[in-house]
Amino acid sequence: IGLRRIWKHDRSLSEQFYQGLRSIGVEILSPGEPEFRTQMITFKFPGIHYREAATRLSKRGFRVRVVPEAGLEAIRVSMHIYNHEEQVSGLLQAIKEIASK
């Protein structure tokens with residue numbers, strides 16, 4: 001399908017995810033400037049250990065990566081061609097529910 005179409009798809013999903021995280025109120029570690037963001041978004045849950053949060057997301061069927069390097073203690077989500085908008089919406093809903101507890 002071509003690299004350009006893949007990039008546009010990934011970028012669209014990552015922007016949907018980034019904006020959704022902003023409305024939830026988690027701490028976003030990825031750049032705020034759109035031109036510096038990639039399809040990988042890193043964030044933290046205030047007051048919830050990152051490994052515990054990742055475990056909770058995993059139990060809901062979402063695959064995320066913990067990022068302990070450099071003391072970040074965060075979670076990273078990557079979008080790619082095999083992801084779709086409904087998955088992003090579901091992940092955001094799960095993050096919202098975890099963050100509100």
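The structure we're discussing is the one just above.
Trainee: What should I look at first to understand the overall build of the protein in this one?
Mentor: When its secondary structure is counted, the protein shows 3 helices and 4 strands. Each helix and strand of the protein, ordered N terminal to C terminal, gives the series α-β-β-α-β-β-α. The C-alpha atoms of the protein give a radius of gyration of 13 Å, which matches the 13 Å a tight globule of 101 residues would have. Along the longest, intermediate and shortest principal axes, the C-alpha atoms of the protein span 40 × 25 × 25 Å. Within the protein, the fraction of its 101 residues that count as buried is 35%. Considering only contacts in the protein between residues 6 or more positions apart, those separated by 24 or more positions represent 59%. Accessible surface computed for the protein: about 6,300 Å², of which carbon and sulfur atoms make up 50%. In the protein, which carries 16 positive and 11 negative side-chain charges, the distance between the mean positions of the two groups comes to 3 Å.

Trainee: Would you explain helix H3 (residues 85-99) in this entry?
Mentor: In an α-helix, one turn spans 3.6 residues; hence positions three or four apart end up facing the same way. Given a rise of 1.5 Å per residue, 15 residues ought to cover 21 Å, and the 21 Å separating the end C-alpha atoms of H3 matches this to within 8%. All of the buried residues in H3 are Val-88, Leu-91, Leu-92, Ala-94, Ile-95 and Ile-98. The buried residues of H3 occupy one face: seen down the axis, they fall within an arc of 160°. Contacts made by the buried residues of H3 are with helix H1 (3-24), strand S2 (40-44), helix H2 (50-59) and strand S4 (74-78).

Trainee: Would you take a moment to explain the pairing of S4 for this structure?
Mentor: Look at any regular strand and the pattern is simple: side chains alternate between the two faces of the sheet. Here S2 pairs with S4 via 4 bridges, running antiparallel. Bridge pairing links Ile-41 to Val-77 in S4. Pairing between strand S3 (residues 65-67) and S4: 3 bridges, direction antiparallel. Within S4, the residue paired with Val-66 across the bridge is Ile-75. Remark: 6 residues form the turn of the hairpin made by S3 and S4, two consecutive strands paired antiparallel; Ala-70 in that turn has positive phi of roughly 55°.

Criteria and thresholds
- Residues numbered from 1 in each chain as written.
- Predicted model: local features only at pLDDT ≥ 70, side-chain atom pairs only at ≥ 80, totals over all residues.
- Heavy atoms only, no water.
- Helix = DSSP H or I, 4+ residues; strand = E, 2+ residues; numbered from the N terminus.
- Rg over C-alpha atoms; globule rule 2.2 N^0.38 Å.
- Buried < 20%, exposed > 50% of the residue type's maximum accessible area, 1.4 Å probe, protein only.
- Contact = heavy atoms within 4.5 Å.
- Areas by Shrake-Rupley, 256 points an atom, 1.4 Å probe, with all protein chains shown as cover.
- Lys, Arg positive; Asp, Glu negative; His and termini not counted.
- Charge placed at Lys NZ, Arg CZ, Asp CG, Glu CD.
- Expected span 1.5 Å × (residues − 1).
- Arc of directions from axis to C-beta.
- Pairing = 2+ DSSP bridges.

So, to be careful, I would describe these as geometric facts and stop short of saying anything about function.
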